[in-house]
Amino acid sequence: MQIMINEIRRWMKEAGKNIKESLKSEEMKVSTKTDRKDLVTNIDKQTQAYLIEQIIAFDPDAKILGEESGKDKLQDLSGRVFIIDPIDGTMNFVLEHENFCIMIGVYEDGQGVLGFVYDVMREKFLWGGRDIGVYLNEERVKAPTDLSLDQGLLGINASMYRLNSSNAQKMGERAMGVRMSGCAGLELIAMALGTRVGYVSNLAPWDYAAGGVLIEALGMKMSNINGESLKIDGREWFMAGTPTAYDEMLRLSKQA
């Protein structure tokens, strides 16, 4: 386990270094996937290819689920599965050159074991799991206080808020305020560090797999918007929070 942790951290640090070098060289090539706001770059693809190469060398029998290059489906989650988001927050990456993350989640037979979320430009690396604790760089993270929704900030998807999907606006009104970062990894880091009481969005498995392991290890809850277990297959409306905030959010979503 420790060998795998050390290896994954090394891979992600190296990937982050490569991303920073790519930004300096201005070699970014941007294209679209489903629509003009669904961006992908050559750096996303190169980063995923690098991480896959490292994973295969380390564990040839592992399965890999990743956002890019046709790796976005698996037949099942049996055995060891690495779930990769090479650049979470690609629009931020393209337009801001910050506010993005590299993420890897390690699952065993469908259960999250380890999570790694790397805020590349701020050098904030959140990693760990249920059995080893959660760390920010080298310092162990304490479980955040179990605040209610009206005691903290809520991270939220802009489209869900605008359309009031599942009472998202009421959730926001109940909270002290809402924040829209455009990066699931940053929102889940914020939850782990206690600067968000909850997060609601429309996410794919690679968006929540790594961070989900970490927030659950810290005693927080996550599910789909109806309170059901996440399928780790396709895009779902995602909801997470401190135990108290989560229960409030779930009640509000069911009133929609």
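This report concerns the structure included in the present document. These figures come from a predicted structure and were not determined experimentally. (Residues numbered from 1 in each chain as written. Predicted model: local features only at pLDDT ≥ 70, side-chain atom pairs only at ≥ 80, totals over all residues. Heavy atoms only, no water.)

## Looking at the sheet that holds strand 9 (residues 139–140)
For step 1, the next point in the chain: If you trace the seven strands from one edge of the open sheet to the other, you get 3-4-5-6-7-8-9, paired in mixed fashion. Two strands close off the open sheet at either side, each with one partner strand: strand 3 (63–66) and strand 9.
For step 2, the next point in the chain: With eight bridges connecting them, strand 5 (residues 101–108) and strand 6 (residues 111–119) associate as antiparallel partners. What sits directly across from Gly-105, in strand 6, is Gly-115.
For step 3, the next point in the chain: Helix 2 (residues 42–58) rests against strand 3, strand 4 (80–88) and strand 5 of the sheet, and its axis sits at about 155 degrees to strand 4.
For step 4, the next point in the chain: Most of the contacts of helix 7 (residues 205–217) go to strand 6, to which it runs at about 105 degrees, and overall it touches strand 3, strand 4, strand 5, strand 6, strand 7 (124–129) and strand 8 (133–136). (Pairing = 2+ DSSP bridges. Helix = DSSP H or I, 4+ residues; strand = E, 2+ residues; numbered from the N terminus. Contact = heavy atoms within 4.5 Å. Axes fitted to C-alpha atoms, helices over the stretch in contact; angles between N-to-C directions.)

## Structural notes on the state of the cysteines
For step 1, the next point in the chain: Throughout the structure, instances matching the rule amount to zero disulfides.
For step 2, the next point in the chain: Cysteine Cys-101 remains unbridged, with the sulfur of Cys-183 as its closest cysteine sulfur at 3.9 Å.
For step 3, the next point in the chain: The class of Cys-101 is buried, set by a relative accessible area of 0%.
For step 4, the next point in the chain: Given the relative accessible area of 1%, Cys-183 is considered buried. (Disulfide = S-S within 2.5 Å. Buried < 20%, exposed > 50% of the residue type's maximum accessible area, 1.4 Å probe, protein only.)

## Focus: the sheet that holds strand 12 (residues 198–203)
For step 1, the next point in the chain: Pairing in this open sheet of five strands is mixed, and the strands run 11-10-12-14-13 from one edge to the other. Edge positions in the sheet fall to strand 11 (177–179) and strand 13 (221–224), since each of these pairs with one other strand and no more. Going across the sheet, the axis of each strand differs from the next one's by a mean of 20 degrees, ignoring polarity.
For step 2, the next point in the chain: Bridge analysis of strand 12 against strand 14 (residues 236–241) gives six bridges, and the strand direction is antiparallel.

## Notes on the packing of aromatic side chains
For step 1, the next point in the chain: In total, this model carries seven aromatic pairs according to the counting rule given.
For step 2, the next point in the chain: Ring centres of Tyr-118 and Phe-125 lie 4.9 Å apart, and the angle between their planes is 20 degrees; on these two criteria the pair is classed as stacked. Taken individually, Tyr-118 and Phe-125 each receive the classification buried, so the pair is uniform in this respect.
For step 3, the next point in the chain: Taking the centre distance of 5.6 Å and the plane angle of 20 degrees together, the rings of Tyr-208 and Phe-238 count as stacked. Here Phe-238 lies in strand 14 and Tyr-208 lies in helix 7, a separation of 30 residues in the sequence.
For step 4, the next point in the chain: Look at Tyr-208 and you get buried, because its relative accessible area is 1%.
For step 5, the next point in the chain: Members of the aromatic cluster, joined through ring pairs, are Trp-11, Phe-58 and Phe-82.
For step 6, the next point in the chain: Sitting over the ring of Phe-125, Arg-9 keeps its end group 5.7 Å from the ring centre. (Phe/Tyr/Trp six-rings, centres within 6.5 Å; stacked < 30°, edge-to-face > 60°. Lys NZ or Arg CZ within 6 Å of the ring centre and 35° of its normal.)

## Notes on the nonpolar core
For step 1, the next point in the chain: Of all hydrophobic cores here, the largest spans 32 residues; its most connected members are Ile-8, Phe-82 and Phe-116.
For step 2, the next point in the chain: Secondary structure elements with two or more residues in this core: helix 1 (2–25), helix 2, strand 4, helix 3 (90–96), strand 5, strand 6 and strand 7.
For step 3, the next point in the chain: Counting residues per element, this core draws most heavily on helix 1, which supplies eight residues.
For step 4, the next point in the chain: The contacts of Phe-82, once residues within four sequence positions are left out, are Met-4, Ile-8, Trp-11, Ile-55, Asp-59, Ala-62, Lys-63, Ile-64, Leu-65, Ile-104, Gly-105 and Val-106.
For step 5, the next point in the chain: Core analysis: the second largest hydrophobic core is formed by 21 residues, Ile-83, Val-213, Met-220 and Met-222 among them. (Core = buried A, V, L, I, M, F, W, Y, C linked by side-chain atoms within 4.5 Å.)

## As for the packing of helix 6 (residues 184–192) against helix 7
Two quantities define a packed helix pair, namely the angle between the helix axes and the distance between the axes.
For step 1, the next point in the chain: Where helix 6 contacts helix 7, the axes come no closer than 9 Å and their chain directions differ by 5 degrees. In terms of axis orientation, helix 6 runs roughly parallel to helix 7. Only Asp-207, Tyr-208, Gly-211, Gly-212 and Ile-215 of helix 7 make contact with helix 6, whose side of the interface consists of Ala-184, Leu-188, Met-191 and Ala-192.
For step 2, the next point in the chain: Tallied by class, the residues present in the contact of helix 6 with helix 7 amount to six nonpolar, two polar and one charged. (Parallel < 35°, antiparallel > 145°, perpendicular 65-115°, else oblique. Nonpolar A, V, L, I, M, F, W, Y, C, P; charged D, E, K, R; others polar.)

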